[in-house]
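As a plain string of letters, each chain reads:
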Amino acid sequence: MIRRTLGNMLRAPSTGGEEAAAAGAAMAVEPKPASPAHDAALGRQMGYCFVTGAQKSGTTWVGWMLREHPEIKVRGEAGYVGNASDATTWINEEALDGFLEQPSPKRLLGELAREDLLAAAQRGMVESMLRLSCKPDAQTRVLGDRAPQAYCEGVEALHRLFPDAVYVNVVRDGRDVAVSNAFMMLRNRKWNAKSYGSMEAGEAAHAAHIEQDGSAAGVPLLGDGMLRHYATRWVRCIEAGRRAQELFGDRCVTLRYERLLEDPTGPVRRLFETLGVASDDATVAACVKASSFESKSGGRKRGEHDAGSFVRKGIAGDWKQYFGDREREIFNKRAGQMLIDEGYEASMEWTP
């Protein structure tokens, strides 16, 4: 009855005049298409990139430069793999097996390797999420996500889903990473008792370094627990970058924060070339300029400190103001050898 009635509504009636006929014709018209820019991107083959590194290594800066490119859409920080509820859990082996037990799917897909089917399903969901969140237009050729830490933790899973993607590995001196994280945690009041030994000690650090209360002078920026935590995480991220180099090969692009500070032009051009997008002088210069410290800080020069700003100082070697013998001993136990391996120090006897 419902189908017959709908059919009658869509057909021009034999009675009722021109108005009824026009109404029926209007209902039969197909939905209005999306914008021309959306249509141009719909169904087009895209490249993919994932930006990661230890938190506060400069991934946001790299993401800004990528987003300024007219052919690249990179968002953050979804972290599609590398956490407890990531894309690898959305369709799992149990759910896939249930689907494959049905006669038709089993006939069509049963001979294919289950791990390949699982990866295809999981990748398809991430690709759909990227298209929805990035909103590609007629110029877009690359979609991506920027998530510090997550893609380090999930490098193997990411490669399983996106072996053709570009893995952007951002590296910074682990001591500067620790200092920058400490300022962020204090600014956002995210420390806990383990960070400083007590919540009261954290309050004192906040007063000294964020509120810049002169009466709290001499309070260390880095608590013992906080420093151990960030040193350990930094090592894990460096190790993940090395695994990414093995897995992705030439599609793993390592960017060093210190080198970007000197002159980002060469590294950024190389990244654009690897992504297969325009890398001419004008495009690179525009992306670099729009993402500069001066631009993002509201006009401050590098080295001009603002403890309350996300774009705080923008230099290398800031750790020297906050590290003493205690900090060196704690950091060395967790990450001293990695400092040497990465070329930041020649021995464990480094000093500020």
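Residues numbered from 1 in each chain as written. Predicted model: local features only at pLDDT ≥ 70, side-chain atom pairs only at ≥ 80, totals over all residues. Heavy atoms only, no water.

Observations concerning the overall build of the chain
Now for step 1: Scanning the chain for helices and strands turns up 18 helices and five strands.
Now for step 2: Put simply, the chain has 352 residues, and 44% of those count as buried.
Now for step 3: The long-range share in the chain, meaning contacts at least 24 apart out of those at least 6 apart in sequence, stands at 72%.
Now for step 4: Of the roughly 18100 Å² that the chain leaves accessible, carbon and sulfur atoms contribute 52%. (Helix = DSSP H or I, 4+ residues; strand = E, 2+ residues; numbered from the N terminus. Buried < 20%, exposed > 50% of the residue type's maximum accessible area, 1.4 Å probe, protein only. Contact = heavy atoms within 4.5 Å. Areas by Shrake-Rupley, 256 points an atom, 1.4 Å probe, with all protein chains shown as cover.)

A closer look at the packing of aromatic side chains
Now for step 1: Per the counting criterion, the structure on display carries 12 aromatic pairs.
Now for step 2: Relative to F331, the ring of F323 lies with its centre 6.1 Å away and its plane at 75°, an arrangement referred to as edge-to-face.
Now for step 3: Accessibility expressed as a relative area gives 0% for F331, which makes it buried.
Now for step 4: Taken together, the ring pairs in this structure connect W234, W319, F323, F331, Y344 and W350 into an aromatic cluster.
Now for step 5: Between R175 and the ring centre of W350, over which it is positioned, the NZ or CZ distance is 4.6 Å.
Now for step 6: Its end group placed over the ring of W64, K296 keeps NZ or CZ at 4.7 Å from the ring centre. (Phe/Tyr/Trp six-rings, centres within 6.5 Å; stacked < 30°, edge-to-face > 60°. Lys NZ or Arg CZ within 6 Å of the ring centre and 35° of its normal.)

Examining the environment of Q337
Now for step 1: With respect to the helices, strands and loops of the structure, Q337 is situated in helix 18 (residues 325-341).
Now for step 2: For Q337, a relative accessible area of 43% corresponds to the partly exposed category.

Quick word on the pairing of strand 3 (residues 142-146)
Now for step 1: The element strand 3 is largely enclosed, with a buried count of five among its five residues.
Now for step 2: Burial along strand 3 is two-sided: V142, G144 and R146 and L143 and D145, pointing in opposite directions, are all buried.
Now for step 3: Two strands pair when backbone bridges link them, and strand 1 (residues 47-53) and strand 3 are joined in this way by five bridges, in the parallel orientation. Each residue of the ladder has a partner; that of C49, found in strand 3, is G144.
Now for step 4: Here five bridges tie strand 2 (residues 72-76) to strand 3, and the two strands are oriented parallel to one another. Across the sheet, R75 pairs through a bridge with D145, a residue of strand 3. (Pairing = 2+ DSSP bridges.)

A look at the nonpolar core
Now for step 1: Y167, L222, W234 and F331 are the most contacted members of the largest nonpolar core, which totals 60 residues.
Now for step 2: The set of elements that each furnish at least two residues to this core consists of strand 1, helix 7 (114-134), helix 8 (150-153), helix 9 (155-161), strand 4 (166-171), helix 10 (174-187), helix 13 (224-248) and helix 18.
Now for step 3: The biggest single contributor to this core is helix 13, with 11 residues.
Now for step 4: Not counting the four nearest positions on each side in its chain, L222 is found in contact with A178, V179, A182, Y196, L227, F323, R326 and E327.
Now for step 5: C49, V51, V170 and Y257 belong to the second largest nonpolar core, which has 24 residues in total. (Core = buried A, V, L, I, M, F, W, Y, C linked by side-chain atoms within 4.5 Å.)

Thoughts on unusual backbone geometry
Now for step 1: For the bond from G76 to E77, the omega torsion is 5°, close enough to zero to count as cis.
Now for step 2: Mapped onto the elements, E77 comes out in the loop between strand 2 and helix 5 (93-100).
Now for step 3: Positive phi values are uncommon outside glycine, yet K56 reaches one of about 70°.
Now for step 4: The residue K56 is located in the loop between strand 1 and helix 4 (59-67) in this model.
Now for step 5: K56 sits in the buried class, given a relative accessible area of 13%.

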